[in-house]
Amino acid sequence: LAQSLLALFASSLAISLVFAIIPLCHNVVVLAVVMAVAGLAMGCIDTISNMQLVKIYQKDSAIFLQALHFFVGFGALLSPLIADPFLSDTNCILANGTANASSNLPHIRKSLLPHHPGNLSHYDLPMKGMVVTRVSYAFWIMALINLPVPIAVFFLLYKERMVPCFNGSSHPLLSADELALETRPGDKDELSTAAQRPHTAAGHEDLFSCCQSKNFRGASFTYFAVHITGALVLFMTDGIVGEYSGFVYSYAVEEPLAVVHKVAGYLPSLFWGFITLGRLISIPVSYRMKPATMVFINVVGVLITFLLLLIFSSSVVFLFVGTASLGLFLSSTFPSMLAYTEDILQYKGCATTVLVTGAGIGEMVLQLLVGSIIHDRGSYSFLVCGMIFGCLAFTFYALLVFFHRMYPKPSPELDEASPDKAAAPEDTGQYQR
């Protein structure tokens, strides 16, 4: 836990520093290095936060994962709104005699869209003159907004006596039994002992214990199959999130829809807005519904939505309806899949690392793939690719369920955490502080 909190502190502080530095980068190589540091920091935060929630709350982690990813979606929805007032409607730099250079921008945009490859060398954009954009302020505001996060993590480290220089008189915020997963009046003593046991064992582990070869000795084929198929489901679904939010605007402004640019610009915001709404709805839903059921509903919903988008591909109204529907179905796939996979594998936290990595690779690779296909095959291929990825996600999910059935049953002392054991009727799901 100490290593995880220290990594979260360093990563969240690095993000504030990166956002403060970005406006000062006047060289593309320097900017690329700074952005790479930001990507590493965000990847650490994503993996560690998911992994620790799973390890702390175990079979109740689904609710907390849904809440975590609601704030991920909320941030993705909020940050463009913060940046929007500081963006220029015309060219960012105006020079004498070239004040009308911004009139070239629509032609450049058109040239960059599929089926309009062109030589842009004859468009002269001024690089010196009066700067009319204030986008730097957006980066600095985001850096300040993020700054309370590393401060809060450092405060938690201090209160938990995990800061080497300041571990004297502070009292821990939470004791072991206050991090209990799920309490019932008759089980308090049993839970207190159970909560202390993993705490003690965890003291001998480190942040990279999942990568140690001893964990793989004697592991069955299904152990690896669950990791791989779970990662492939998220590879596809997170890839769909990336490619849809990235290319739905380009698809809308092309024929046959030919949506006005300003109206088409609302589509990514609508998509992220419904992802955020879906994750908010999923917090109470995940309390009543099993993660496996939620993932099934999600992947089937994605398939049906893409099928209807293909059928009504010439309808602008249905494009907006389908975008909202797709956002809702994709919203809870990531946290539900994490909860389901860790449920199968007894909440070791190791599967989380594999799944987060698979999702990140999918978001990167599928955007590159779809971008090149749209350029060669036209805008309609955007929906065809989404349908194919949805079919693959459903196939990998079916394989995951199959391997779950083959996976060895847990030992008796882990029966309580088994996904195959029905919940007791008197389980009210109340939490204790």
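If you're wondering where the values come from, they're calculated on a predicted model, not measured in any experiment.

Details of the packing of helix 5 (residues 135-146) against helix 6 (residues 148-159)
Running from N to C, helix 5 and helix 6 cross one another at 15°; their axes reach a closest spacing of 5 Å. The orientation of helix 5 relative to helix 6 falls into the category roughly parallel. Of the residues in helix 6, those touching helix 5 at L144, I145 and N146 are P148, V149 and P150. A class-by-class count of the residues in the contact of helix 5 with helix 6 yields five nonpolar, one polar and no charged.

Some details on the confidence of the model for the chain
Here the chain shows a mean pLDDT of 77. Residues at 70 or above account for 70%. Long-range and interchain partners of residues 97-127, a stretch whose pLDDT sits below 50, account for 39 contacts in this model, where long-range means more than four residues apart. Across residues 180-204, confidence stays below pLDDT 50; counting only partners more than four residues off in sequence or on other chains, it has 22 contacts.

Let's talk about the environment of C350
In this structure, C350 sits in helix 14 (residues 350-377). Between the C-alpha atoms of C350 and K55, which are 295 residues apart in sequence, the distance is 9.5 Å.

Digging into the packing of aromatic side chains
This structure, assessed with the given rule, holds 18 aromatic pairs. With 6.2 Å between their ring centres and 75° between their planes, Y244 and F306 make a pair best called edge-to-face. In this pair, Y244 sits in helix 8 (residues 221-253) while F306 sits in helix 11 (residues 291-311), placing the two residues 62 residues apart along the sequence. Relative accessible area serves as the criterion here: at 0%, Y244 is assigned to the buried category.

Some thoughts on the environment of M142
Position of M142 among the secondary structure elements: in helix 5. A residue is classified by how much of its surface remains accessible, and M142, at 22% relative accessible area, is partly exposed. Each C-alpha atom of the pair M142 and I15 lies 9.5 Å from the other, and the pair is 127 residues apart in sequence. Discounting residues that sit within four places of it in the chain, M142 has contacts with F19, S79 and I82.

The rules behind these values
- Residues numbered from 1 in each chain as written.
- Predicted model: local features only at pLDDT ≥ 70, side-chain atom pairs only at ≥ 80, totals over all residues.
- Heavy atoms only, no water.
- Axes fitted to C-alpha atoms, helices over the stretch in contact; angles between N-to-C directions.
- Helix = DSSP H or I, 4+ residues; strand = E, 2+ residues; numbered from the N terminus.
- Parallel < 35°, antiparallel > 145°, perpendicular 65-115°, else oblique.
- Contact = heavy atoms within 4.5 Å.
- Nonpolar A, V, L, I, M, F, W, Y, C, P; charged D, E, K, R; others polar.
- pLDDT = per-residue confidence, 0-100.
- Phe/Tyr/Trp six-rings, centres within 6.5 Å; stacked < 30°, edge-to-face > 60°.
- Buried < 20%, exposed > 50% of the residue type's maximum accessible area, 1.4 Å probe, protein only.

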